[in-house]
Amino acid sequence: WTGVEGERVKSYMKKYDRKITPLAKLVAGQKDDFSFTVDNAKKLRKGDVIRINWYNREGKNGSLINELYGDTSNIEVGSRHGNFPEMALVRQHAKITKISGNKVTIKTPLLHNADSRWQPDITEWKHLTQIGFEHFSIKFPQHPWVAHHVEPGYNGMFLTRTYNSWVKNVTID
């Protein structure tokens, strides 16, 4: 299990979560573009790996829900999508390749528009890099079916907070 000491994998309990201050707010940018505009790029640096966040602060039927799933009138979207307005519903980890004024260029295209309804921002992302798992086998015991996350050995590998990392030539039985 990879992870950064002192950093939580997933935030769902406020008493354990630390306040994360945005480094910048996205003010313009289109899905699939590599560049976007922020309100102030002074806290950003070329080479940084950052987290871009989109929030659903509009509730159960928010516009970000429709962006993600399309017409939701005939489906039930999970309650967590609307229960945590201060927690990013969509997160993108990206490396900054260029900064020119308040225009930021990243290595991968934006997942979503910089729509003001979603209040997208950029935050620090503490992570590990160049973590590799190679050339081994994992054998799970035979066991009758039980619910997910309850069976013996439910996670052979669990990679969290990794960037430019890999799993290669691993056999799972």
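The model shown is predicted, which means the values in this text are computed figures rather than measured ones.

## Digging into the nonpolar core
Phase 1: Ranked by size, the top nonpolar core spans 19 residues in total, and within it Phe36, Val38, Leu44, Ile52, Ile106 and Ile122 carry the most contacts.
Phase 2: If you list the elements that add at least two residues to this core, you get strand E1 (24–28), strand E2 (35–38), strand E3 (49–54), strand E4 (90–100) and strand E5 (103–106).
Phase 3: Ile52 has contacts with Leu26, Phe36, Val90, Arg91, Gln92, Ala94, Ile106, Leu110, Asp121 and Ile122, leaving out every residue within four places of it along the chain.

## Considering the packing of aromatic side chains
Phase 1: Taken as a whole and assessed by the stated rule, the structure comprises two aromatic pairs.
Phase 2: Residues Trp1 and Phe158 carry aromatic rings whose centres are separated by 4.9 Å and whose planes lie at 55° to one another, so their mutual orientation is tilted. Placement of Trp1 in the segment before E1 and of Phe158 in the loop between strand E8 (132–138) and strand E9 (162–163) is noted, with a sequence separation of 157 residues between them.
Phase 3: Residue Trp1 is classed as exposed on the basis of its relative accessible area of 71%.
Phase 4: Among the residues examined, Phe158 registers a relative accessible area of 31% and is labelled partly exposed.
Phase 5: Relative to Tyr163, the ring of Trp125 lies with its centre 6.5 Å away and its plane at 80°, an arrangement referred to as edge-to-face. A residue pair is termed long-range when its members are at least 10 positions apart, and Trp125 in the loop between strand E6 (121–124) and strand E7 (128–129) and Tyr163 in strand E9 qualify at 38 residues.
Phase 6: You can call Trp125 buried: its relative accessible area is 9%.
Phase 7: Owing to a relative accessible area of 15%, Tyr163 belongs among the buried residues under this scheme.

How each quantity is defined
- Residues numbered from 1 in each chain as written.
- Predicted model: local features only at pLDDT ≥ 70, side-chain atom pairs only at ≥ 80, totals over all residues.
- Heavy atoms only, no water.
- Core = buried A, V, L, I, M, F, W, Y, C linked by side-chain atoms within 4.5 Å.
- Buried < 20%, exposed > 50% of the residue type's maximum accessible area, 1.4 Å probe, protein only.
- Helix = DSSP H or I, 4+ residues; strand = E, 2+ residues; numbered from the N terminus.
- Contact = heavy atoms within 4.5 Å.
- Phe/Tyr/Trp six-rings, centres within 6.5 Å; stacked < 30°, edge-to-face > 60°.

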